[in-house]
Amino acid sequence: LRADIAELEETRETRQQEMAVLNQQERQARTRTEQAAAEKQQAETELAGKQSELQKVRGELKTEKFKSSAAETGTKFANTVGSLLGSSKIERQQQEIDILKAENYTLTMQLNNKDTQIRNLHRDHSSEIERLTQPHDKDMVAKQKEIDRITSWFPDIPQMAETADYCREVGFSEAQTVEMLMRNPVQYTGKLRSPKSGRSYDADGVTARIERRQNSIGFTLTINGTPILQWFKQQFDKLKQAVRPHVRQPIQPTGKKGQGL
């Protein structure tokens, strides 16, 4: 069982490294997507500017056409001169419109290409995530089945693991915890820390062991045969008794009733 746990820990570290690589690739893909989105935004801004310019030129073209029509109702000389001048400006503005239309089409194609690139990046990123996580998911499912099979044979394992974590938290070493998990007593000298209060208490040559709880499911850590929580309370009470004689007694007031010092 210890070998299986070690193997699971090693597998978890390997998977954590793989997930770190995957997260890095995801950040890179997100950066490329953001760059593509920024380029798309810039292209949309340029397109909006071109469209605004196109509308302006179209407005000027309508004005010139109106002027040309008005000139035709005048004299023959004015009509001829206005027609020549108007035709020249109209042709120039029509060329500008054609250029703007071509630029508009080019920008539209660029936007479509950016959209395609973004979709491809999302698809490639999703495929890469699926490719990297699929073996991990299968391995985790297999490991979970193995853990379930072990816990079905040894139903005390979850409670023992919880008790072992508590032993490590209060101050016992890993080797001492393993020894107690084997149901062997451990002689301990040092500090034991209460996770609830955060206080540490001296433990000089105490005997610690993991024992099955009476009339309940699970295990408990005992110090000299006393449950650890009760042992912490006893040490706190001893500390209070040691400090209490040194506390100065308040001076009793003298004089009439209700009168201060």
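Look up a bit, the structure's there.
The shown structure was predicted, so the numbers you read here are calculated from the model rather than taken from an experiment.

A. Summary view of the overall build of the chain. For the chain, the helix and strand inventory stands at five helices and four strands. Overall, the chain shows an N-to-C arrangement of helices and strands of α-α-α-α-β-β-β-β-α. Looking at the chain as a whole, 22% of its 261 residues are labelled buried. For the chain, contacts bridging at least 24 residues in sequence account for 57% of all contacts bridging at least 6. Just so you have it, the chain exposes about 18,900 Å², and 53% of that area is on carbon and sulfur atoms.

B. Fine view of the side chain of Thr 177. Here Thr 177 shows up in helix H4 (residues 174-181). Among the residues examined, Thr 177 registers a relative accessible area of 3% and is labelled buried. Not counting the four nearest positions on each side in its chain, Thr 177 is found in contact with Ala 164, Cys 167, Arg 168 and Phe 172.

C. Fine view of unusual backbone geometry. A positive phi angle is found at Arg 183, which is not glycine, with a value near 70°. Note that Arg 183 resides in the loop between H4 and strand E1 (186-193). Of note, Asn 224 is a non-glycine position whose phi angle comes to about 55°, a positive value. For Asn 224, a relative accessible area of 49% gives the class partly exposed.

D. Inspection of the pairing of E1 at higher detail. In the sheet, E1 pairs with strand E2 (residues 200-212) via seven bridges, with the strands oriented antiparallel. Across the sheet, Gln 187 pairs through a bridge with Thr 207, a residue of E2. Remark: six residues form the turn of the hairpin made by E1 and E2, two consecutive strands paired antiparallel; Gly 198 in that turn has positive phi of roughly 85°.

E. The arrangement of the environment of Glu 211 in detail. With respect to the secondary-structure elements, Glu 211 resides in strand E2. Placed 28 residues apart in sequence, Glu 211 and Arg 183 show a C-alpha to C-alpha distance of 7.4 Å. Once residues lying within four places of it in the same chain are set aside, the contact partners of Glu 211 are Arg 183, Phe 219, Thr 220 and Thr 222. A distance of 3.3 Å separates the side chain of Glu 211 from the side chain of Thr 222, its partner in a polar contact.

Rules used in this analysis
- Residues numbered from 1 in each chain as written.
- Predicted model: local features only at pLDDT ≥ 70, side-chain atom pairs only at ≥ 80, totals over all residues.
- Heavy atoms only, no water.
- Helix = DSSP H or I, 4+ residues; strand = E, 2+ residues; numbered from the N terminus.
- Buried < 20%, exposed > 50% of the residue type's maximum accessible area, 1.4 Å probe, protein only.
- Contact = heavy atoms within 4.5 Å.
- Areas by Shrake-Rupley, 256 points an atom, 1.4 Å probe, with all protein chains shown as cover.
- Pairing = 2+ DSSP bridges.
- Polar contact = N/O pair within 3.5 Å; in protein donor to acceptor, adjacent residues only side chain to side chain.

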